[in-house]
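Residues per chain are reported as follows:
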Amino acid sequence: MGVNLNVDCYVDTAIIVVSGTWRIRCVMGSRSCDCLIAVPMGNQGSILGVEVDLPTKSYVTELIGEQQSRGIGKIARPEDGGFLKPHIFTLTIPQIDGGTNISIKIRWSQMLSYKAGRFSLTVPFCFPEYVTPAIKKISKKEKIELNVNSSVANGILCKATSHPLKEIRRHEGKFSFLYEAEIFKWSNTDFRFSYSVSSGNIFGGILLQSLYDYDQRDMFCIYLFPGSEQNRKVFKKEVVFVVDISESMQGRPLESTKSAISAALSKLSPEDSFNIIAFSNEAFQFSASMELASKDAIERATVWISMKYTVGGSTNLFIPLEKAADMLSNTRGSIPMIFLVTDGSVEDERNICHWMQKRLTNQGVLCPSIHTFGIFSLLLTDASLFDSFCNHYFLRMLAMIGQGEYGAAFDLDSVKVQMNKLFSKGLSTVLANITIDAFDDCEEIEVYSSRIPDLSLESPLTIYGRYEGSFPDNLKVKGILGDLSSFTMDLKIRRAKDIPLDSVLARRQIDAANNSGLVAKLSIQTCNISEYTRMTLLEKNKMLKALKHFGAWKKKGDPQKIVESEPPEMILLQRLSVGFGDLIATAENIRPGSQEPELPEVAKIFIKTTSNYFGGIRNRWCCMGCIRCCSKMNNQCATTLTQL
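Each chain carries its own residue numbering, running from 1 in the direction its sequence is written. In keeping with the model being predicted, local features are shown solely for residues with a pLDDT of at least 70 and side-chain atom pairs are shown and tallied solely at 80 or more, while totals for entire chains, interfaces and linings include all residues. Neither water nor hydrogens contribute to the side-chain values; these are computed over all heavy atoms in the structure.

Colleague: Provide a residue-level description of the nonpolar core, including the pertinent values.
Modeller: Put simply, a nonpolar core is a bunch of buried Ala, Val, Leu, Ile, Met, Phe, Trp, Tyr and Cys residues held in one set by side-chain atoms that sit within 4.5 Å of each other. Three labels apply to residues, based on accessible area from a 1.4 Å probe with only protein chains included: buried if under 20% of the type maximum, exposed if over 50%, partly exposed otherwise in between. Within the largest apolar cluster, 106 residues are counted, with the highest numbers of intra-cluster contacts made by Val7, Ile47, Phe89 and Phe191. Among the elements that take part in this core, helix H6 (residues 392-401) stands out by supplying 7 residues, more than any other. Ignoring any residue separated from it by four or fewer positions in sequence, one finds valine 7 in contact with Ala14, Ile15, Ile16, Leu121, Val123, Glu145, Leu146, Asn147 and Phe191. Numbering goes from the N terminus for both helices and strands, where a helix is a DSSP run of H or I of at least four residues and a strand is a run of E of at least two. Note on definitions: a residue-residue contact is assigned when non-hydrogen atoms from the two residues lie within 4.5 Å.

In structure tokens, the structure reads:
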């Protein structure tokens, strides 16, 4: 009946709110049904909350701590809430009467894409054909509000947009756009918008913000942008690819990894050098030493990796990492880097981190940067919606120690795409060994990163933390450029006006923190899901207020006390976050996505009801086979079949 999309862009993050009103027209007024809300989030989206308003009741999601969640008796089924796909969050609202108008507000955050000095945003905004009623044409309202508050530069230029936006405000790095229309048919185009931050050179600054929260300290955010100069010299590189070939990688995970590595090798310059180490319980090397990236060497490496098959055994990560570090220990005149790809969890993760941190510290300038990539499985089980074998925290921590990037794929379709992005970022490094001069001398400043990552042409760099007292007036950033010359730049300090830094940086703080208490506080305060919190659905009954207003409960006592004595009903949803991995599944070499998901109750009823009719031919074409077939269809086909 009406949809409003509100987008607020801050630095490299977008906070998105979609609100709309739907009419439950597929059910008669005398009946009711469960309604499933599906939220298709964009690039690295993170759900922040859902609000639902009905004539007689309302619902709202809320995060609570693990301890508090143990006292909740009503637990939702796996299919009642969670991730249908890694980027699609779903939530079931029970028993809504036919003909009811249902108002929904959905909030999430997502990262802006960055390339060649340009930020890009894509928000899913397509509505299926069946959302528009087939009856006579009825006018509906569609509205898009876009606000950009970068506070990083004044020279911001709008480059492209998918909808006819009208600029309504512009002032010092801020601008606002509006699109509003009366339509007969809902949008079939995703909302896309891009803008450039005009600077050919590396530039940056500092944002400060006073916060009043559990920490009592103020927050700072240092940002560095590579600029739009694509001809800037990147580092000469020495690269080692460390690839998991344990049995769990069998099939699409390994094939996608091989393809991504082949593409990465083709991007190397002739003066670069490389090697490949494949591992499970033992390690296999492409070459005994580093090889120059000649055409012949790349062809031999491509054939070698394509011939590698999965082998049984555990995921022994220490041996290949040690071999890779040894190969890069005598690097001169180039930047060494390790790309680690795995889908499993290992037992000695803490010792590996300690060993790597000690080794990198002793190695000094131009020590290897470590980029990690995890392949996760997204399974629908009774225990959890996320049943991931890979340890998310370990891989992120290892990348942080190694001043590298962390990437992940949460479904098999995105492995190759996401891995290519990680390789492209790492291979386009333009500023390495970055230091901030005041950090070592000031005890009042805490940086939420043990080591500062390198700056890539394809990604801005954000460093953040807390400080107490006065922030230093002058800060310099130093590093080494691609031609091995020194780089120094003064950072300009600004107050972050109208920018909620705590919300913008929340997802990164939660992912990087390893303190359970801190993660839980951040998660609840910023509404970002985490390993140490659970999402609940609160139901509030509006009829109590109505009865109180009309005095219907006066005979039973004080109406005010009665209303207050009725707390909202709380339903505990399944776990929604990835965490510490599954050692047992890793040891048993279970492949991501190989287990059959638990069938919803409606599917079980369907099978039972039709079993007699199909009894004669079920070995050739059974209901189970039909359901499994449907689960592998693309979205358009599944939608069409469902409506039919």
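Having seen the model, we can carry on.
Colleague: Explain the pairing of strand E17 (residues 218-225) to me, and be specific about the residues and the numbers.
Modeller: For E17, a buried count of 8 out of 8 residues is recorded, marking the element as mostly surrounded by other parts of the structure. Judged by which residues are buried, E17 turns out to be covered on both faces: Asp218, Phe220, Ile222 and Leu224 on one side and Met219, Cys221, Tyr223 and Phe225 on the other are all buried. By the bridge criterion, 7 bridges tie strand E16 (residues 203-209) to E17 in an arrangement that is antiparallel. For leucine 207, the partnering residue across the bridge sits in E17 and is cysteine 221. In this scheme, strands are said to pair when DSSP sees at least two bridges between them.

Colleague: Give a description of the environment of lysine 159 that names residues and reports values.
Modeller: As for its position among the elements, lysine 159 is in strand E12 (residues 156-161). Its relative accessible area of 42% is what places lysine 159 among the partly exposed residues. The spacing of lysine 159 and serine 196 is 37 residues in sequence and 6.8 Å in space, taken between C-alpha atoms. Look past the residues within four positions of lysine 159 in its chain and what remains in contact with it is Arg118, Ser194, Tyr195 and Ser196.

Colleague: Before we move on, could you go through the packing of helix H2 (residues 252-266) against helix H3 (residues 295-306) and cite the residues and values that matter?
Modeller: For any two helices packed against each other, the geometry comes down to the angle between their axes and how far apart the axes lie. Axis lines are fitted through C-alpha atoms, for helices just across the contact stretch, and the angle between N-to-C directions can take any value from 0 to 180 degrees. Running from N to C, H2 and H3 cross one another at 175 degrees; their axes reach a closest spacing of 10 Å. Classed by the angle they form, the pair H2 and H3 counts as roughly antiparallel. Across the interface between the two elements, Lys258, Ser262 and Leu265 from H2 touch Ile298, Ala301, Thr302, Ile305 and Ser306 from H3. Amino acid classes used here: Ala, Val, Leu, Ile, Met, Phe, Trp, Tyr, Cys and Pro are nonpolar; Asp, Glu, Lys and Arg are charged; the rest, including Gly, are polar. For the contact of H2 with H3, a count of residues per class yields 4 nonpolar, 3 polar and 1 charged. Should an angle fall under 35 degrees it is called roughly parallel, over 145 degrees roughly antiparallel, and 65 to 115 degrees roughly perpendicular, with every other angle called oblique.

Colleague: Give a detailed account of the pattern of salt bridges, specifying residues and quantitative values.
Modeller: Close approach of charged atoms allows side chains with opposite charge to pair. The term salt bridge refers to a pairing of a side-chain nitrogen on Lys or Arg with a carboxyl oxygen on Asp or Glu at a separation within 4 Å. Per the counting criterion, the structure on display carries 13 salt bridges. Between lysine 174 and aspartate 498 there is a salt bridge whose closest N-O contact spans 3.1 Å. You can see lysine 174 sitting in strand E14 (residues 174-183) and its partner aspartate 498 sitting in the loop between strand E30 (486-495) and helix H8 (501-504), a full 324 residues away along the chain. Look at lysine 174 and you get partly exposed, because its relative accessible area is 27%. Classification of aspartate 498 as exposed rests on a relative accessible area of 60%. The partner of glutamate 291 in a salt bridge is arginine 300, with the nearest N and O atoms 2.9 Å apart. The exposure class assigned to arginine 300 is partly exposed, which follows from its relative accessible area of 36%. Each of Glu291, Asp296 and Arg300 takes part in salt bridges that share partners, so that together they form one network.

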